[in-house]
Amino acid sequence: MKGKVALHNLGCKVNAYETEAMQQMLEAAGYEIVPFEPGADIYVINTCTVTNIADRKSRQMLHKAKKMNPDAIVVAAGCYVQADTKKAEADASIDIIIGNNKKQELISILENYRSGQQKTTECVDINHTKEYEKLEIDRTEEHTRAYLKVQDGCNQFCTYCMIPYARGRIRSKKTEDVVGEVKRLAASGCQEVVLTGIHLSSYGKERPEEQENLLTLIQAVHEVDGIERIRLGSLEPGIITKEFAKAISSLPKVCPHFHLSLQSGCDATLKRMNRKYTSGEYYDRCQILRKYFDHPALTTDVIVGFPGETEEDFEETLDVVRKVRYDSAFTFIYSKRSGTPAAAKEDQVPEEVVKDRFDRLLAQVQEIARERSSRFEGTVQEVLVESVNDQDASLVTGRMGNNLLVHFPGDASMIGTFKQIHLDVCKGFYYMGTPAE
């Protein structure tokens, strides 16, 4: 073995995929993967910069790694170091800096460092990068389900978001490469793939001459034998047209679960955020999905307390939440991110006002979500068994196509199989069930 390596991931599902890819690269190169604890020779932290809090957590994990073993090599990779390389270079806890689009070179960077022992910075000009980084996985620790990064970068420049500055412009993995990766995952026993990206709806748009887009990608993945479910990551509302919804509804492997980011239900706030839709347009897209899918699960993200938000603006957001009736929602208090246009605005909303609105929104979201979840009680549904239950070894945990979890009697031999399960009792955001066979 070339040494013991501990990895730690911060941030989104794209980051998680890249961390998994780096781990598999290290294993193939002869390194031993160990827990993120004292005793490792090398620590690799895949960082996040989406908020100031994410920046702080990234620094804390880097410093923790160096404290656990002062002689270890600490590698800082990803968005935090890409967004502020100079700050990372000044941090004595960091030995190697690897920006986005350079993670594919982790092994050679590590070996070069070990031969010279000089602080190393490997960052590209991400704002002018057109190459899609060649990272791949051939298995997943979840065994039955794999998050698959197919797209990187963002051209949207929402005024609260740092990611376009850390990830660069849109670029996509070629369809043939995605299909090859999916085939390898299927051969490893994976039953479900979740297509994800920084701005998934932009897939293929940077090379229109090749006529690859998200729909053609989904259709290609649908043809892979062994993959039984295709789930989509976060989508921009604009991609949901009648044509798109009709086309994917004809593909039985596509899960009826759609995450459409709302952020705000107030048109004035959406404009200040630089979002590219109105609340009315957003609602229409939700209705399109409900026309072409039976009981689709709709989920979303909502930000409370964006600069300039009035009580009337917030009420408009509540109105949209009540109209759409989400199956679940990620609710966030607006967090100032240094370097974004929104952070410089003077009309920041007082903290106590934001907290009150957040609590009211969360209560509304949870009430609706409980009602939505319970609509399947007493029915029989297909469930993909994912694991033995963490709390009770006599139970297994599985997932429905709409993403709801189900716990029912079983054992490890059932993992990776589909079961028909009677949904006995809804517990709010999951079910207790019994096999119907």
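The paragraphs below set out a description of the structure included in this document. (Residues numbered from 1 in each chain as written. Predicted model: local features only at pLDDT ≥ 70, side-chain atom pairs only at ≥ 80, totals over all residues. Heavy atoms only, no water.)

### So, the nonpolar core
No. 1: Judged by nonpolar contacts, the single largest core of 77 residues is most densely connected at Val75, Leu110, Leu214, Ile218 and Leu235.
No. 2: Setting aside its immediate chain neighbours within four residues, Leu214 contacts Leu200, Ser201, Tyr203, Leu235, Ile239 and Phe244.
No. 3: One finds Ala40, Ala65, Ala72 and Ala76 within the second-largest nonpolar core, a separate group that totals 21 residues. (Core = buried A, V, L, I, M, F, W, Y, C linked by side-chain atoms within 4.5 Å. Buried < 20%, exposed > 50% of the residue type's maximum accessible area, 1.4 Å probe, protein only. Contact = heavy atoms within 4.5 Å.)

### Examining the environment of Tyr160
No. 1: Examined against the element boundaries, Tyr160 turns out to sit in the loop between strand E7 (145-152) and helix H6 (163-167).
No. 2: Relative accessible area serves as the criterion here: at 14%, Tyr160 is assigned to the buried category.
No. 3: Separated by 106 residues in the primary sequence, Tyr160 and Ala54 have C-alpha atoms spaced 14 Å apart. (Helix = DSSP H or I, 4+ residues; strand = E, 2+ residues; numbered from the N terminus.)

### Focus on the side chain of Ser93
No. 1: Among the structural elements, Ser93 can be located in the loop between helix H4 (85-89) and strand E5 (96-98).
No. 2: Sequence-distant contacts of Ser93, defined by excluding residues within four places in its chain, comprise Leu62, His63, Lys66 and Val74.

### A few points about the pattern of salt bridges
No. 1: For the structure shown, the criterion picks out 35 salt bridges.
No. 2: Close ionic contact of Arg171 with Asp152 constitutes a salt bridge, the shortest N to O distance being 3.6 Å. Here Arg171 is found in strand E8 (residues 171-172), whereas its partner Asp152 is found in strand E7, with 19 residues between them in sequence. For the residue pair Arg171 and Asp152, the accessibility class agrees, reading buried in each case.
No. 3: Within this structure, Glu18, Lys103, Lys149, Asp152, Arg167 and Arg171 form a network of salt bridges that share partners. (Salt bridge = Lys/Arg side-chain N within 4 Å of Asp/Glu carboxyl O.)

### A look at the pairing of strand E18 (residues 430-435)
No. 1: Here strand E16 (residues 405-409) runs beside E18; their pairing, made up of three bridges, is parallel. Along E18, the bridge assignment pairs Val406 with Tyr431.
No. 2: Strand direction decides the pairing type here: strand E17 (residues 418-426) and E18, joined by five bridges, are antiparallel. Paired with Ile421 across the bridge in E18 is Pro435. (Pairing = 2+ DSSP bridges.)

### Quick notes on the environment of Gly116
No. 1: You can see Gly116 is positioned in helix H5 (residues 106-116).
No. 2: Since its relative accessible area comes to 43%, Gly116 is described here as partly exposed.
No. 3: Through-space distance from the C-alpha of Gly116 to that of Gly233 is 41 Å; in sequence the pair is 117 residues apart.

### Details of H5
No. 1: Along H5, the residues classified as buried are Leu106, Ile107, Ile109, Leu110 and Tyr113. Buried positions in H5, seen along its axis, are confined to an arc of 165 degrees and lie on one side of it. Among the exposed residues of H5, those pointing more than 90 degrees away from its buried face are Asn112 and Ser115.
No. 2: For H5, the secondary structure elements touched by its buried residues are helix H1 (13-28), strand E3 (42-47), strand E4 (73-78), E5 and strand E6 (120-122).
No. 3: Where H5 ends, the next residue or the one after it, Gln117, has phi of about 55 degrees, a positive value. (Arc of directions from axis to C-beta.)

### Comments concerning the sheet that holds E3
No. 1: The strand order across the open sheet formed by six strands is E2-E1-E3-E4-E5-E6, and the pairing between neighbours is parallel. Looking at the sheet topology across the chains shown, the edges are occupied by strand E2 (32-33) and E6.
No. 2: Inspection of the sheet shows E5 paired to E6 by three bridges, in the parallel sense. The residue bridging Ile96 from the neighbouring strand is Thr120, located in E6.
No. 3: The sheet contacts of H1 involve strand E1 (4-9), E2 and E3, and relative to E1 the element is tilted by about 170 degrees. (Axes fitted to C-alpha atoms, helices over the stretch in contact; angles between N-to-C directions.)

### Focus on the packing of helix H9 (residues 242-249) against helix H11 (residues 279-292)
No. 1: With their axes 9 Å apart at the nearest point, H9 and H11 run at an angle of 30 degrees to one another. Between H9 and H11, the crossing angle belongs to the class labelled roughly parallel. Regarding H9 and H11, the two cross each other, and that crossing is right-handed. Residues Lys242, Ala245, Lys246 and Ser249 of H9 form the contact with H11, whose participating residues are Ile288, Leu289 and Tyr292.
No. 2: Partitioning the contact of H9 with H11 into residue classes produces four nonpolar, one polar and two charged. (Parallel < 35°, antiparallel > 145°, perpendicular 65-115°, else oblique. Left-handed = near helix turned anticlockwise from the far one by under 90°. Nonpolar A, V, L, I, M, F, W, Y, C, P; charged D, E, K, R; others polar.)

### Details of the pairing of E3
No. 1: Among the six residues of E3, six are classified as buried, and the element is accordingly described as predominantly covered.
No. 2: Here E3 shows no split at all, with Ile42, Val44 and Asn46 on one side and Tyr43, Ile45 and Thr47 on the other all buried.
No. 3: Pairing analysis gives five bridges linking E1 to E3, with the strands arranged parallel. Across the sheet, residue Val5 finds its bridge partner in E3, namely Ile42.
No. 4: The sheet contact formed by E3 and E4 spans six bridges and is parallel. Directly across from Ile45, in E4, lies its bridge partner Ala76.
No. 5: With respect to chirality, the unit in which E3 leads through helix H2 (residues 52-68) into the neighbouring parallel E4 is right-handed. (Right-handed = clockwise from strand over helix to strand, strands pointing away.)

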